Amino acid sequence: MARRTGSPFEAAGRHAKARSAWRDIPIEQWNDLRWQLEHLVRTPDALGALLGLPAEELAALRAQGQRFRWAISPYYFSLIDPNDPADPIRRMVVPSSQEDLSSGEDDPLGEKHDQVAPGLTHRYPDRVLFVVTSFCSSYCRFCIRKRNWRKSDAARSRDEIDEAIRYLRAHEEVRDVLVSGGDPLTLPHEQLEYILSRVREIPHIELVRIGSREPVMLPMRIDDALCRVLDRNGPLWINTHFNHPNELTEEAATACERLARLGIPLGNQSVLLAGVNDDVGTLKKLFQGLLRIRVRPYYLYQADPVVGATHLRTSVSKGIEIMEGLRGHTTGLAVPTFVVDAPGGGGKIPLAPDYVVERTADRLVLRNYAGETFVYPDGGRPAEASKPAALDVRYGRGATRALPVLSAAAPVDNDGE
Ligand SMILES: *Cc1c(COP(=O)(O)O)cnc(C)c1O
Ligand code: SF4
């Protein structure tokens, strides 16, 4: 693969390994998936040695145990600056005594409630979420599905997968399947192949998407063998999950490049996290960096009140303020949609700054990103509605079909009249 000179990723993680406890590990081993998985950091002693944690903190971690599992790949761990207690990567994956297990919820999005078959959540009319494993190669403290970690690492059984496939076959309204987890790209290749090919076979499924954090947490996973499985079962879309510019390493860039070269469109879903990425500068750098590796920022999630992670939550207005600082200040390609996932299965609700300063029957006062205001003459309905005959001319005999659209617009236009 062509190596860029003056790579935009040098500043971040490129030299992390060199600075880290693994600096003497030969690069071939470092890049070997198996070596990474055999050397996961997952005991308080290992953590203590790597970060020089005080005795009280280690005692607290031992007491906490693996109530909410933790494990961190050496690769991802190497992005942490061990001398910085506030390091953003550390905040995301290293367990701490700050985790208040008495506050927050088990299933903040009510996913269990909408479950229609093993791992299948059918909440929206035309698409489903298909959780195929609870395993990840590193675990995020803020994960909304940490309730699943308490079960075994095992991915779903063949029988469970088949039951979910039967549901999909029977429901022709489902045209879009989002394969998620856990992390589906951690599955053994045969298992991933089985799931993707069975989903792909269903005639009415038009879109198959995978959600995976492997490009970020274990980019060596995106190897030739995995790429072959993905390529055989395409077309696919992949959404990954970068949260901080320090994750934009050469390795991550290579992983994304490999996927992009298979013709897989790449999107990114970030979570807004206190003390990690809750400022415009950090997220702008992240989103612009993602575009450089052909990853399109898709969603920015408000952090949900999941148990043990309330210290990572921000206010909703922080998210809106960040959106305000992005839109117009950089390309729209670098601006994701900020969403709150409503409790109890309400789904994603987009939130954005309000750019409408004032609205009357025929004009709007709008403000732009720089805070300047503009009067904009409204178009459409009021003029056309007074001349229904004109509609008939325009739409011919099917004119009535145009009417529901007009009446749908009416409440907005009549506002305040
Ligand atoms: C997010 C989500 C989807 C996919 O939503 P898109 O907006 O299409 O990306 C589908 N089902 C569930 C339950 C989800 O949470
Ligand atoms: S990678 Fe995703 S599924 Fe896995 S722990 Fe992190 S947020 Fe949860």
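Residues numbered from 1 in each chain as written. Chains lettered and ligands numbered in written order. Predicted model: local features only at pLDDT ≥ 70, side-chain atom pairs only at ≥ 80, totals over all residues. Heavy atoms only, no water.

Overview of the overall build of the protein
Broken down by element type, the protein carries 17 helices and 13 strands. Within the protein, buried positions represent 49% of all 417 residues. Once local pairs closer than 6 in sequence are excluded, the contacts in the protein between residues at least 24 apart make up 75%. For the protein, the computed accessible surface area is about 19500 Å², with 52% contributed by carbon and sulfur atoms. (Helix = DSSP H or I, 4+ residues; strand = E, 2+ residues; numbered from the N terminus. Buried < 20%, exposed > 50% of the residue type's maximum accessible area, 1.4 Å probe, protein only. Contact = heavy atoms within 4.5 Å. Areas by Shrake-Rupley, 256 points an atom, 1.4 Å probe, with all protein chains shown as cover.)

A few points about the site of ligand 1
All residues in the neighbourhood of ligand 1 are listed as T121, R123, Y124, R127, L129, L178, R209, Y298, Y299 and K348. Side-chain polar atom of Y299 to an oxygen atom of ligand 1: 2.5 Å apart, as the coordinates give it. One of the side-chain nitrogen or oxygen atoms of K348 is found 3.1 Å away from an oxygen atom of ligand 1. Its free accessible area being 390 Å², ligand 1 has 92% of it covered by the protein chains. Elements supplying a minimum of two residues to the shell around ligand 1: strand 2 (120-124), strand 3 (127-131) and strand 8 (295-302). Among the elements that line the shell around ligand 1, the one with the most residues is strand 2, at three residues. Its residues assigned to classes, the shell around ligand 1 comprises five nonpolar, one polar and four charged. (Near = heavy atom within 4 Å. Polar contact = N/O pair within 3.5 Å; in protein donor to acceptor, adjacent residues only side chain to side chain. Nonpolar A, V, L, I, M, F, W, Y, C, P; charged D, E, K, R; others polar.)

Things to note about helix 11 (residues 224-232)
Buried within helix 11 are the following residues: L226, C227, V229 and L230. One side of helix 11 carries all its buried residues, which in axial view fall inside an arc of 160°. Away from its buried face by more than 90 degrees, helix 11 exposes R228 and R232. The secondary structure elements touched by the buried residues of helix 11 are helix 9 (189-201), strand 5 (207-211), strand 6 (237-240) and helix 12 (250-261). (Arc of directions from axis to C-beta.)

Focus on the nonpolar core
With 93 residues, the main nonpolar core has Y76, L168 and L230 as its most contacted residues. Composition of this core by domain shows at least three residues from each of domain 1 (11-93) and domain 2 (112-349). Ignoring any residue separated from it by four or fewer positions in sequence, one finds Y76 in contact with I89, M92, V93, S138, R213, V216, M217 and E247. Formed by eight residues, the second largest nonpolar core is a distinct cluster that contains A71, C136, C143 and V307. (Core = buried A, V, L, I, M, F, W, Y, C linked by side-chain atoms within 4.5 Å. Domains from an automatic or database assignment.)

Concerning the sheet that holds strand 12 (residues 363-367)
Across the sheet, which stays open at both edges, the three strands sit in the order 11-12-13 with antiparallel pairing between neighbours. Looking at which strands have only one partner, the edges of the open sheet turn out to be strand 11 (356-359) and strand 13 (373-377). When strand polarity is set aside, the average angle formed by the axes of neighbouring strands in this sheet is 20°. Judged from the five bridges that link them, strand 12 and strand 13 form a sheet pairing that is antiparallel. Bridge assignment links V365 to a residue of strand 13, and that residue is V375. (Pairing = 2+ DSSP bridges. Axes fitted to C-alpha atoms, helices over the stretch in contact; angles between N-to-C directions.)

Quick notes on the environment of G379
Mapped onto the secondary structure, G379 falls in the loop between strand 13 and helix 15 (381-385). On the accessibility criterion, G379 (46% relative accessible area) is partly exposed. With 17 residues separating them along the chain, G379 and D362 place their C-alpha atoms 7.3 Å apart.

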